[in-house]
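Each chain is listed here by its residues.
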Protein chains: 2
Amino acid sequence: MLNVLTPDQVLRLIESAFQPNCGIVTRAHGAVVGDVLAEDVVASEYVPDFDRSTVDGYAVRSKDTFGCSDAIPAILPVIGGVQMGETPDFKLAPSTCAAIPTGGALPEGADAAVMVEYTEDYGDGTVGILKSAAPGQNLIFRGDDVKPGDVLFSKGRKLTASDIGALAALGKMKLQVEAPFSVGVISTGDELVSPEEVPGPGQVRDVNTPMLLALLKEWGVESVDFGRVPDDEALLLERVRQASERCDMVLISGGSSVGQKDAVCRVLESLGEVLMHGIAIKPGKPTILARTNDGKPLVGLPGHPAAAYYIARLFVRSLVDRLRGESHPEQTVTAKLTESVNANHGRAQITACQLEQKDGETFAVPIRSKSGLITQLARADGFFVIPRDCEGLPQGAAVDVIIHH
Amino acid sequence: MLNVLTPDQVLRLIESAFQPNCGIVTRAHGAVVGDVLAEDVVASEYVPDFDRSTVDGYAVRSKDTFGCSDAIPAILPVIGGVQMGETPDFKLAPSTCAAIPTGGALPEGADAAVMVEYTEDYGDGTVGILKSAAPGQNLIFRGDDVKPGDVLFSKGRKLTASDIGALAALGKMKLQVEAPFSVGVISTGDELVSPEEVPGPGQVRDVNTPMLLALLKEWGVESVDFGRVPDDEALLLERVRQASERCDMVLISGGSSVGQKDAVCRVLESLGEVLMHGIAIKPGKPTILARTNDGKPLVGLPGHPAAAYYIARLFVRSLVDRLRGESHPEQTVTAKLTESVNANHGRAQITACQLEQKDGETFAVPIRSKSGLITQLARADGFFVIPRDCEGLPQGAAVDVIIHH
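Residues numbered from 1 in each chain as written. Chains lettered and ligands numbered in written order. Predicted model: local features only at pLDDT ≥ 70, side-chain atom pairs only at ≥ 80, totals over all residues.

### Observations regarding the overall build of chain A
What chain A contains, in helices and strands, is seven helices and 28 strands. Its C-alpha atoms put chain A at 95 × 55 × 45 Å along the principal axes. Residues classed as buried in chain A amount to 47% of the 405 residues present. For chain A, long-range pairs separated by at least 24 residues make up 69% of all intrachain contacts whose partners lie at least 6 apart in sequence. (Helix = DSSP H or I, 4+ residues; strand = E, 2+ residues; numbered from the N terminus. Buried ≥ 20, exposed ≤ 12 C-beta atoms within 10 Å, placed from the backbone. Contact = placed C-beta atoms within 7 Å.)

Right, dumping it as structure tokens:
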């Protein structure tokens, strides 16, 4: 088979053949967690935008309180009350005060707020102020936090929940962000039926579609299900074309026979350029990587679900990371092999395993199964890769196990 | 204020007053990543469900190939071809073979498959087998992987993408899973306007709703936005009741004035029991925790967005974890204070900070701001908590900073 690459060559090819996707979209009604800003966000207003009290109590002229105490309160007539959400329609004359709630706008003339705990209501329209207030005390002034022109966030920032709060506070609800990335998923093969059907003789359920959609969800990547396509090259071509127009990447899985694999390959060729036709890894060799004329990756994955899963974890994730300009190294656990494992010289070999804890050490128990669909997917805790230049590993050797999350 | 608890008391109250939510729902068309199984999943069929080839090549009776080699091939007439997805309608007679694709069903009579690479097509309806095949070679037998009655997954398992694949392979698309958890979010206050509006005099944008929805999304928790409610106790009661009927937990934020806080408190009291009325923490004291008669938590959060954010990170997350029977300890970074920080004896104190790297060490630069809405939410990298029995920390002290993800 032409153009079979080693795992390392595949990872280098991904870096060299694809560029981060630079699409930009406008969020009209607020960004969402995980959005990456495609513009600097500059404040256009003051926060807060009016002088306000930080306590429940009375707005005062601080001068009127100087020298007062529990013993000698400053007795001030209450000339009004500030309502939340309204600008006071009165002015504070000397030697008067006004009730004010936390967050209430400071009336003109006032320059401090006194906590209600330090006042006494005499019930006759006057209160006693029991503690002197310094100018500015218990107030936040207009623009204390942000002024117009302040750069709040720089382009490239990945937004968190606290950022979403800050943007809402500034009314920055219309924003340019990097276009969300989406992956189309297609399964192909006459033998495939929906997982909800009982397969007839010679049929198998389509495992790859729900599994790949679930994996993309684990990665936080949007996906579009383009369904199952029978062994009809024209139909497959049309479906892959649709998916590549709508999405940033397309995963085509299935085609486990030579004829099916060739059909997938011809379809990918006709939509762009096939960059790689096979990976020197077992299982997972029949993996095809192509690039559309506008630079989008098309990936032909093995039909065997466990192989498709491994290739997705080992290579498709790197491709997604490359296009999104991110990096998500796989979480691994170092474990000791409980028994020796033979490997095929010349190809990297993936081995599913279970993990066991014993005497504070972590052990990897290789799963030996020639079919291994369920065994490898459901009963394994993870898998490890034996490099292609290694003929096997002895009992007790340390392996880095990639966990099935 | 009655019933003000310390942070530790609040965490203990959450453990004692709430039980994991035990609702169960049926997924009719397949579970999704993160679903927790509410039943054991037992295989009801064989995987694979027919004997099949693992290679592209020829189905043979192994006996017919014994002793053959490159020099002395076994020459066998090709009596047919197996089609993918079909049961062969022929039987393999002695000294014959049939073409078979990878995954193809083994015809009756055959007991091995030979890879096409070890055969030679003579073009006259016969092929030469160049390598002898052992019985069972290159085959997977019915039930090799799973047999009816095998327990595939136990109740309580949190499903991963590989599990979703295994369930699809077994056709287990109708499943009992723990009910997905959802949180209702309500903001209250006459002064609040939508973040898309320009606030009039005395008005402020509703920051808490988008921020809390974003935070719940960061946590992977479903949320329902119940909008803004003006200062009208009857309306608020009705909205909180609706939210508590539909969701597993309700967050009511806002109410920064005493009157608003009292209204929220009365509403929560009338829907169940108020368990806590204030946390000895700054900012964040005006936090109310109540429990409906059917055991759901209702949380009154502070109106100030930074305070609401901190209380959500420190306490609401624990409440969500408790109800879901999970645990998500906050990710912290240990850093050295660049300057001393005073704290109020008797209350835990939250301080926002930026993180800086210098000479391989991580430093926390406290943010000093009395308002701090944007400063605390957007310009901080995280925050740390000074315990209530500590009067402050000197320059150089180590603090555990909770990161704004």
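### Description of unusual backbone geometry
Across residues other than glycine, the phi torsion is negative in most instances, and most of the peptide bonds are trans. The amide bond that connects V47 of chain A to the next residue, P48 of chain A, takes the cis arrangement and shows omega of -10 degrees. Inspection of the secondary structure assignment puts P48 of chain A in the loop between β2 (41-42) and β3 (52-53). P283 of chain B follows K282 of chain B through a cis peptide bond whose omega is -5 degrees. Backbone geometry at D359 of chain A places phi at a positive 50 degrees, although glycine is not the residue there. Take D359 of chain A: it is sitting in the loop between β24 (348-358) and β25 (361-366).

### Details of the domain arrangement of chain A
How big an interface is tends to be stated in terms of the accessible area lost upon association of its parts. The domain architecture assigned to chain A consists of domain 1 (7-21 + 181-324), domain 2 (24-47 + 144-178), domain 3 (52-140) and domain 4 (332-403). The distance between the C-alpha centroids of domain 1 of chain A and domain 2 of chain A comes to 36 Å. (Domains from an automatic or database assignment.)

### What about the pairing of strand β28 (residues 398-403) of chain A?
All names here are of chain A. Bridge count between strand β22 (residues 332-337) and β28: five bridges; the pairing is antiparallel. Residue K336 lies in a different strand from β28, and its bridge partner there is A398. Where strand β26 (residues 382-386) meets β28, two bridges bridge the pair, whose relative direction is antiparallel. From the neighbouring strand, F383 faces β28, where its bridge partner is I402. (Pairing = 2+ DSSP bridges.)

### Considering the interface of chain A and chain B
Listed by partner, the interface residues are 69 residues for chain A and 70 residues for chain B. Every element with two or more residues in the side of chain A that touches chain B is listed here: β11 (151-153), α2 (161-169), α3 (208-218), α5 (258-271), α6 (305-324) and α7 (373-379) of chain A. Of all the elements, α2 of chain A adds the most residues to the side of chain A that touches chain B, at eight residues.

### Examining the relation of the copies chain A and chain B
The operation relating chain A to chain B is a screw motion whose rotation component is 180 degrees, with 0.0 Å of axial translation and a residual RMSD of 0.0 Å. Both copies are brought into coincidence by an operation consistent with a two-fold rotation axis. Taking C-alpha positions as reference, the residue of chain A nearest the rotation axis is G220 of chain A, located at 5.2 Å. A share of 100% of the interface residues of chain A reappears at the interface of chain B, consistent with the copies meeting face to face through the same patch. (Least-squares fit on C-alpha atoms with pLDDT ≥ 70 in both.)

### Remarks on the packing of α3 of chain A against α6 of chain A
Residues and elements named next belong to chain A. Where α3 meets α6, the axes come as close as 10 Å, and the angle between the chain directions of the two elements is 20 degrees. The angle between the axes of α3 and α6 places the two elements in the roughly parallel class. Along this stretch, α3 crosses α6, giving a crossing that reads as right-handed. Contact residues: N208, M211, L212 and L215 in α3; P305, A308, Y309 and A312 in α6. Looking at the contact of α3 with α6 residue by residue, the class counts come to seven nonpolar, one polar and no charged. (Axes fitted to C-alpha atoms, helices over the stretch in contact; angles between N-to-C directions. Parallel < 35°, antiparallel > 145°, perpendicular 65-115°, else oblique. Left-handed = near helix turned anticlockwise from the far one by under 90°. Nonpolar A, V, L, I, M, F, W, Y, C, P; charged D, E, K, R; others polar.)

### Some remarks on the sheet that holds strand β4 (residues 57-60) of chain A
Residues and elements named next belong to chain A. With mixed pairing, six strands are arranged side by side in an open sheet as β7-β4-β6-β5-β9-β8. Of all the strands in the sheet, just β7 (112-115) and β8 (119-121) have a single pairing partner and so form its edges. With strand direction ignored, the average angle separating the axes of adjacent strands in the sheet is 40 degrees. In this sheet, strand β9 (residues 126-129) lies alongside strand β5 (residues 74-81) in antiparallel orientation, the contact comprising four bridges. Note on β9: the bridge partner recorded for L76 is V127.

### Quick word on the packing of α3 of chain A against helix α2 (residues 161-169) of chain B
Between α3 of chain A and α2 of chain B, the least distance of the axes is 8 Å, while the angle of their chain directions is 165 degrees. Comparing the axis directions of α3 of chain A and α2 of chain B gives the class roughly antiparallel. α3 of chain A and α2 of chain B meet at a crossing whose hand is right-handed. Residues P210, M211, A214, L215 and E218 of chain A of α3 of chain A touch α2 of chain B, and the partners they reach there are A161, I164, G165 and A168 of chain B. Classifying every residue of the contact of α3 of chain A with α2 of chain B by side-chain character gives seven nonpolar, one polar and one charged.

### Topic: helix α5 (residues 258-271) of chain B
All names here are of chain B. Taking 1.5 Å per residue as the helical rise, α5 with its 14 residues ought to reach 20 Å, and the 20 Å between its terminal C-alpha atoms agrees with that figure. Residues Q260, K261, A263, V264, V267 and L268 constitute the buried set of α5. Buried residues in α5, looked at end-on, bunch into an arc of 160 degrees, giving them a common side. Pointing more than 90 degrees away from the buried face of α5 are the exposed residues G259 and D262. On its buried side, α5 packs onto β13 (182-188), α4 (233-246), β17 (249-254), β18 (272-277), β20 (288-292) and β21 (297-301). (Expected span 1.5 Å × (residues − 1). Arc of directions from axis to C-beta.)

### Thoughts on the sheet that holds β21 of chain B
All names here are of chain B. Within the open sheet, the six strands sit side by side as β16-β13-β17-β21-β20-β18. Their pairing is mixed. Here the strands that pair on one side only, and so sit at the sheet edges, are β16 (222-229) and β18. On average, adjacent strands in this sheet sit at an angle of 20 degrees to one another, irrespective of strand direction. Bridge count between β17 and β21: four bridges; the pairing is parallel. The residue bridging L251 from the neighbouring strand is V299, located in β21. Relative to β13, helix α3 (residues 208-218) is tilted by about 165 degrees, and along the sheet it contacts β13, β16, β17 and β21.

### Some points on the environment of S270 of chain A
Structurally, the position occupied by S270 of chain A is in helix α5. For the pair S270 of chain A and R239 of chain A, spaced 31 residues apart in sequence, the C-alpha separation works out to 13 Å.

### Observations concerning the environment of N208 of chain A
Residue and element names in this part refer to chain A. Along the polypeptide, N208 turns up in helix α3. Look at N208 and you get buried, because 32 C-beta atoms sit within 10 Å. Distance from N208 to I252, taken between C-alpha atoms, is 9.4 Å for residues 44 residues apart in sequence. Residues within four places of N208 in sequence aside, it is in contact with S187, S253, G254, P305 and A308.

### With respect to the environment of S253 of chain A
Here S253 of chain A is to be found in strand β17 (residues 249-254). As a C-alpha pair, S253 of chain A and L212 of chain A span 41 residues in sequence and 9.3 Å in three-dimensional space.

### A few points about the confidence of the model for chain A
Here chain A averages 92 in pLDDT, while 98% of its residues score no lower than 70. Our summary of model confidence lists the complex with pTM equal to 0.72 and ipTM equal to 0.75. (pLDDT = per-residue confidence, 0-100.)

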